[in-house]
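Geometric and topological summary
Here is how the chains run, residue by residue.
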Amino acid sequence: MLDHCSISHKGGVVLWSRSFTPAASHTAASSTSPVNSLVREALIEGRSSDGKYEKDGYAVKWTFVNDLELIFVVAYQRILQLTYVDDLLNALKALFVKLFQPFLTTFVASLHVTTTAKLPSSTDLSASWNFAKAFDGWDLMFDKLLRGLEDKAAQERRTRSGHVARPVVEVTPPAEESATLPSRSSDNVLDEEQIARNVQALKSRLRGRGGQAARRGRGRGDIGSGSGRDSVPGSDSETPTKSKRKSKAKAQRKWGDEAPTESDMASLDFSYDGSTSDASAPPVDLSALVDNGSLGTRTQDGLYEVADWEFSKGSKSADDVIAEVLKMGGQEQKPASGSLGALGSIFARLTGSKVLSEEDLKPVLEAMKQHLMKKNVAKEISEKICEDVGQSLVGKKVGGFQTTSSAVRQALANSITRILTPKTSTDLLLSIRTKLSTPLPASQQRQPYSITFVGVNGVGKSTNLSKVCFWLIQNGFRVLIAACDTFRSGAVEQLRVHVRNLGMLGVDGATDSKGRVELYERGYGKDAAGIAKEAIGYARDNDFDVVLIDTAGRMQDNEPLMRALAKLVATNSPDKIIFVGEALVGNEAVDQLTKFDRALRDFSSASGAQERGIDGMLVTKWDTVDDKVGAALSMTYVTGQPIIFVGCGQTYTDLRQLRVANVVQAILSD
C-alpha cells in the first residue's frame with residue numbers, strides 16, 4: 001500500500017498529490033516529510049541518482065519529465081516489497097503527460113516568463129492556476145491505474161506461490177513407494193556410523209592424542225571398514241612428541257647475575273635522544289623542515305592561509321578544455337573508449353533539432369563512466385554520476401551541435417560541482433575563534449578546541465597532523481598534541497620529534513615557537529580514550545587553544561578497534577573528527593569511509609552519547625596522482641562532508657586547500 005504520491009514542478013509548485021494514510025497526510029506539508037527530505041538531501045545535492053531514497057522508514061522513488069520539468073514521486077513503507085512501484089511511475093508519467101500536455105506546456109512557459117521578466121514569484125503565479133479544474137478526472141484515472149497494478153501484483157504473487165507448491169505434491173508419491181524405503185534406512189545407518197566416528201575422533205583429540213592421526217584414521221574409516229578404531233595407534237604414537245612440544249618454553253633472557261639498576265635501565269632507554277641537553281642534541285636543518293616555495297599567504301587581518309592546490313597554472317579553463325575536445329569530434333583523433341575525445345565524436349553526431357532519448361545518450365554515458373574511472377573515481381560513484389547526468393539530459397530538445405555541447409558541459413560540470421560543494425563551512429579558523437571567543441559564565445572554565453584524526457594504517461595521520469599544527473601555530477594558537485596511538489611502536493617518538501621541530505620554527509618574526517606546542521603522552525599500552533580526556537583537561541588548565549588527538553591506525557573491518565575509537569569519541573566529544581585517507585585509492589575509499597562513518601555513528605550512539613560521524617577529510621599523498629583526483633569525488637559523495645586539506649609533500653608547509661573549480665577542471669581534463 002502506498003503512503004504518498006505527488007506530481008510537482010522542479011520549481012517547487014505541487015500540481016497534484018494524494019496521501020493514503022493519516023500519518024502521511026499529517027507530515028505531507030511539514031519539513032520532515034519524505035518528499036521534502038528527498039528534495040533537500042538527494043535532488044538538490046545530487047547524491048542519489050539511482051531513483052530510490054530512504055528516510056525514516058520510508059522508501060521514496062521518483063522519475064523526471066525533463067522537457068516539462070516535472071517530478072513524479074511515490075513514497076511507501078520501506079518494509080513493504082511493492083514490486084509495482086516502477087511500473088506505476090512509468091505509467092503515471094506517460095498517462096499524465098498524454099492527457100494534460102497542452103496545459104502543462106502553457107504552465108511551464110508562464111513560469112519561465114515569470115523568471116525572465118521579474119514578475120511576481122512562481123508561487124504567487126501558480127496560485128492563480130486552478131489545478132483542480134485543469135486536472136479534472138485525474139483522480140479517477142489514477143485510482144483505476146493503481147487498482148489495476150495492485151491486482152496484477154497480487155495475481156503474480158498467487159501464481160508464484162502456486163508454482164512453489166506443485167513440486168512438493170509431485171515428489172511425495174515416489175517417497176511412499178516400497179523401493180525407496182531400504183535406501184533411506186541404509187543412509188540413516190551410515191549417518192549414525194559417521195557420527196560415532198566423529199565423536200570418537202573428537203574424544204581422542206580432547207585427550208591430547210593428536211589431530212593429524214585422528215584425521216587420517218577418519219579417512220581410512222571412510223574408505224575401508226568404517227569402525228574408526230584405526231586412528232588410535234597413530235594418535236598414541238604421536239602423543240610423546242606433542243607432550244615434548246608443549247613442555248618446551250621460551251627461555252628468559254638473562255642480563256647478568258643481578259637485577260639491572262636504574263642507571264642500566266636509563267642507558268638502555270633510546271626513546272629520548274638527549275633532547276634534555278641542548279649541547280649534546282644534534283643540529284637540525286630548519287631549511288629542510290619548511291619549503292619557502294609552498295608557504296601560504298598572510299591576509300590583511302594577519303591570518304596565515306595555506307596555498308590553494310592548482311591543477312595546472314598555464315592550462316585553460318574546464319569549459320575551454322571540453323569545448324575544444326567536443327569541437328574536434330572524430331576528425332583528428334580516433335574515438336578512444338572512455339576519453340573525452342570519444343564524447344566529442346559521439347556528440348558531434350547528435351545534431352539537428354531533436355529530443356535526446358536514453359538510446360542516444362547510452363554510448364555517451366558509457367564513455368563518460370570510463371573516463372571518470374580513469375580519473376580514479378570509484379566504479380559505483382561513476383555509475384551514479386552518469387545516471388544523474390543522463391536523467392538531466394533525457395527529454396532535452398537540442399537545436400544544433402553547440403546546444404548539445406553546452407548541455408553536456410553544463411550537466412557534467414553541474415553534477416560534479418554539486419557533489420563537491422560542501423554543506424558545512426570548511427573554515428577551521430572561524431570555528432576555533434568562535435568557540436574561544438564565546439562568552440561563558442564565570443563559574444565555567446573554557447574548553448579547548450579538539451580535533452581527532454582517524455584513518456587506516458599507514459596513510460600519514462601523524463605527519464599531516466604536524467602540518468595542521470604548523471598552520472595553527474602560524475595563526476597564533478597554542479597547540480597540545482595528544483599521543484593516543486599507544487599501539488604502534490615509535491608513534492610517541494615520532495610525535496616527539498615533530499614537536500621538537502615545530503618548537504624550533506619561528507612565527508611572526510620570532511626565532512622559535514617554544515611554548516606554543518607541547519606533547520602530552522602516557523607511553524604505550526594505555527587506554528587511548530583516557531589519555532585524550534587527560535590531555536583535554538591538561539590543555540584547559542594550561543591555557544592551550546587547540547588539542548590535536550592522534551589515534552592508532554585501524555582497518556575498517558576490525559570491530560573491536562572501531563569500538564575503541566567510538567569510545568574515544570563518545571568520551572571526549574571532539575569538535576571535529578577528520579578522516580585521513582590516501583589519494584591513491586579508488587573503490588577502497590568508498591569502503592573505508594562508509595564503514596568508518598557507520599561504525600562511529602553506531603557505536604557512539606550505543607553508549608548513550610550523541611551520534612557522531614566523520615566531519616571532514618584530509619587527503620594525503622595528493623602530489624602522487626597528478627590529474628587522477630577522483631578519490632576526492634568518491635569521498636565527498638559517500639559522506640557529504642568536505643575535504644578540508646590535502647597533503648602534498650614532506651615538509652610542514654606542504655598543505656593545500658581544495659577549490660571545487662580546480663578539482664572539476666582536473667576531472668574533466670583529457
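Our subject is the structure listed above.
Presented here is a report on the structure given in the accompanying data block. (Residues numbered from 1 in each chain as written. Predicted model: local features only at pLDDT ≥ 70, side-chain atom pairs only at ≥ 80, totals over all residues. Heavy atoms only, no water.)

1. What about the packing of helix 17 (residues 461-474) against helix 18 (residues 491-504)?
If you want to describe how two helices pack, look at the angle between their axes and the distance between the axes. Following both chains from N to C, one finds helix 17 and helix 18 inclined at 25°, their axes separated by 10 Å at the closest point. Taken as axis vectors, helix 17 and helix 18 run roughly parallel relative to one another. At the point where helix 17 passes helix 18, the crossing takes the right-handed sense. Contacts between helix 17 and helix 18 pair Ser462, Thr463, Leu465, Ser466, Cys469, Phe470 and Ile473 from the former with Gln494, Leu495, His498 and Leu502 from the latter. A per-class count over the contact of helix 17 with helix 18 returns six nonpolar, five polar and no charged. (Axes fitted to C-alpha atoms, helices over the stretch in contact; angles between N-to-C directions. Helix = DSSP H or I, 4+ residues; strand = E, 2+ residues; numbered from the N terminus. Parallel < 35°, antiparallel > 145°, perpendicular 65-115°, else oblique. Left-handed = near helix turned anticlockwise from the far one by under 90°. Contact = heavy atoms within 4.5 Å. Nonpolar A, V, L, I, M, F, W, Y, C, P; charged D, E, K, R; others polar.)

2. With respect to the pairing of strand 1 (residues 2-9)
Across the eight residues of strand 1, eight count as buried, placing the element largely inside the fold. Counting the residues between successive antiparallel strands, the hairpin from strand 1 to strand 2 (residues 14-19) contains four residues, one of them, Gly12, with a positive phi of roughly 110°. (Buried < 20%, exposed > 50% of the residue type's maximum accessible area, 1.4 Å probe, protein only. Pairing = 2+ DSSP bridges.)

3. Brief notes about the packing of helix 19 (residues 528-541) against helix 20 (residues 559-572)
Viewed as axis vectors pointing N to C, helix 19 and helix 20 meet at an angle of 25°, and their least axial separation amounts to 8 Å. Compared by their axis directions, helix 19 and helix 20 come out roughly parallel. As for the relative orientation of helix 19 and helix 20, their crossing is right-handed in sense. Touching Ala528, Ala529, Ala532, Lys533 and Ile536 of helix 19 are Lys567, Leu568, Thr571 and Asn572, all from helix 20. Across the contact of helix 19 with helix 20, the residue classes break down as five nonpolar, two polar and two charged.

4. A closer look at the sheet that holds strand 10 (residues 449-454)
Pairing between the strands of a sheet comes from backbone hydrogen bonds, and it takes one of two forms, parallel or antiparallel. Within the open sheet, the eight strands sit side by side as 12-11-13-10-14-15-16-17. Their pairing is mixed. Each edge of the sheet is formed by a strand with only one pairing partner; in this case those strands are strand 12 (517-520) and strand 17 (655-656). The pairing of strand 15 (residues 616-620) with strand 16 (residues 643-647) spans three bridges and is parallel. In the strand pairing of strand 16, Leu618 is matched with Phe645.

5. Quick look at helix 16 (residues 428-437)
Along helix 16, the positions that sit buried rather than exposed are Leu428, Leu429 and Ile432. Projected down its long axis, helix 16 carries its buried residues within an arc of 100°, all on one side. Tucked inside the fold, the buried residues of helix 16 contact strand 7 (304-305), strand 10, helix 17, strand 13 (546-551), strand 14 (576-582) and strand 16. (Arc of directions from axis to C-beta.)

6. Considering the pattern of salt bridges
Applying the stated criterion across every chain yields a total of 24 salt bridges. Notably, a salt bridge pairs Glu534 with Arg522, separated by 3.6 Å at the nearest N-O pair. On the criterion of sequence distance, the pair formed by Glu534 in helix 19 and Arg522 in the loop between strand 12 and helix 19 is long-range, its members being 12 residues apart. A salt bridge links Arg563 to Glu559, with the nearest nitrogen and oxygen atoms 3.1 Å apart. Taken together, the positions of Arg563 and Glu559, both in helix 20 and four residues apart, correspond to about one turn of that helix. Owing to a relative accessible area of 44%, Arg563 belongs among the partly exposed residues under this scheme. Residue Glu559 is classed as partly exposed on the basis of its relative accessible area of 42%. When salt bridges with common partners are traced through the structure, they connect Glu366, Lys369, Lys379 and Glu383 into a single cluster. (Salt bridge = Lys/Arg side-chain N within 4 Å of Asp/Glu carboxyl O.)

7. What to know about the packing of aromatic side chains
Applying the stated criterion across every chain, the model contains 21 aromatic pairs. Taken together, a centroid distance of 6.1 Å and an interplanar angle of 80° make the contact between Phe100 and Trp138 edge-to-face. In this pair, Phe100 is assigned in helix 3 (residues 85-117) and Trp138 in helix 6 (residues 138-175), connecting sequence segments 38 residues apart. Aromatic pair Tyr304 and Phe470: ring centres 6.3 Å apart, planes at 90°, arrangement edge-to-face. A residue pair is termed long-range when its members are at least 10 positions apart, and Tyr304 in strand 7 and Phe470 in helix 17 qualify at 166 residues. Here the two residues Tyr304 and Phe470 agree in accessibility, since each one is buried. An aromatic cluster is present here, built from Trp16, Phe20, Phe72, Phe96, Phe100, Phe103, Phe107, Phe131, Phe135, Trp138 and Phe142 joined pairwise through their rings. (Phe/Tyr/Trp six-rings, centres within 6.5 Å; stacked < 30°, edge-to-face > 60°.)

So yeah, pure geometry; function would need other evidence.
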